[in-house]
Amino acid sequence: MSQKVNIFSNRYNLTEDIKKIVINELKKHDFVINEEYDETADFNIVIGGDGTFIKAIHDSNFSEIPFIGINTGHLGFYNDVKHTDVLDAIEKIRNKDFIEIDLRVIDCIVNTDNDKHIFKSINELVLKTKYTEAIHFDLFVDDVLLQKFAGDGIIFSTPSGSTAYNLSAGGAILFQNIDAFQITPLAPIRSTLHRSLDKSLIVPKDTIIKLITSKPEESYFAFGVDGLHKEIEHINNIEIKLSDKRIKKIIFDKNWFWKNITEKFIM
Ligand code: NAD
């Protein structure tokens, strides 16, 4: 039976050119290309940069269909197939010569006075105040009050997102699919008044982080959900944990992660 493919792409000229090559090659080998997202497809192919890959995950509501990333952007951390190697990658897909890895997702539930908001992130969830003042909240780890945080903000990063904003903020790099997530402070205040932790914490799966705001005037936060800006007011508490949901990503080289680190962050 023919295999079905969903294609996600941005609108850059290079992407359009590569998309034509990919579609021609897939059709030549009896793949069916879906113009619209089909939840019964076998693969989600994303052509673009990291932003396109992240958008495809959100647009498909964290699809369970395996994602393949073809890079026509700049860094292409997730889009590991070079655009010059697409024919080789399609050959490997046909021969089932690939590895499927699971990427972790973060769940965030925001409870306000009269509402509930739920976000999922493949990279990270960032919390800041709406304006430029310091953010304040109590941070509980599994019901233990770990700290009263004050600073610019805080990042909750997945392992695969650890090389993004988290890394710029001084966090550690976590291997792509470790069952853990990372909490990295942004300009934490350390004084006799505020004793915010100035180091990242790495917590295991099943850990539940709860943030509680104590004063109404401090309960208006800005959220960065994989870079997408949202604002919520009248927040009572926020819960963050690793999701049961995972993203399946296809890689063609078992050393993808380490090669990515050396090629994109060190060399
Ligand atoms: P963007 O164009 O603003 O991306 C910024 C850079 O992050 C790009 O070079 C992108 O390739 C890279 N990137 C994205 N995910 C990555 C990952 N998992 N590992 C390594 N690099 C990664 O916007 P975008 O492409 O839509 O990416 C959104 C991400 O941008 C957010 O999830 C956040 O991590 C990142 N960001 C970083 C900073 C910072 O480092 N100071 C600030 C805001 C947002």
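Sequence order sets the numbering: in each chain, residues are counted from 1 along the sequence as written. Note on the predicted model: pLDDT of at least 70 is required for a residue's local features to be given, and 80 or more for side-chain atom pairs to be given and counted; whole-chain, interface and lining totals, by contrast, use all residues. For side-chain calculations, the full set of non-hydrogen atoms in the structure is used, while hydrogens and water are omitted.

**Things to note about the UniProt feature "active site" (unreviewed entry) in the protein chain**
UniProt positions are given in the numbering used here, feature names are shortened, and annotations may be inferred rather than shown by experiment. The UniProt record annotates "active site" (unreviewed entry) at Asp50. Here a helix means four or more residues in a row that DSSP labels H or I, a strand means two or more in a row labelled E, and each is numbered from the N terminus. Mapped onto the fold, aspartate 50 is located in helix α2 (residues 50-59). A 1.4 Å probe rolled over the protein chains alone gives each residue an accessible area, and that area as a share of the maximum for its type sets the label: buried under 20%, exposed over 50%, partly exposed in between. Residue classification places aspartate 50 among the buried positions, given a relative accessible area of 18%. Not counting residues within four places of it along the chain, the set of residues in contact with aspartate 50 comprises Leu75, Gly76, Phe77, Tyr78 and Asn79. Contacts are residue-level and defined by heavy atoms, with any inter-residue pair within 4.5 Å sufficient.

**Focus: the pairing of strand β4 (residues 67-71)**
Counting buried positions along β4 gives five out of five residues, so the element sits mostly inside the fold. Covered by surrounding structure in β4 are Phe67, Gly69 and Asn71 together with Ile68 and Ile70, the residues of both alternating faces. If DSSP finds at least two bridges between two strands, the strands pair. When strand β3 (residues 43-48) meets β4, the two strands line up parallel, connected through five bridges. Within β4, the residue paired with valine 46 across the bridge is glycine 69. Taken together, the two bridges between β4 and strand β5 (residues 81-82) define a ladder with parallel strand orientation. Opposite asparagine 71, over in β5, you have lysine 82 as the bridge partner.

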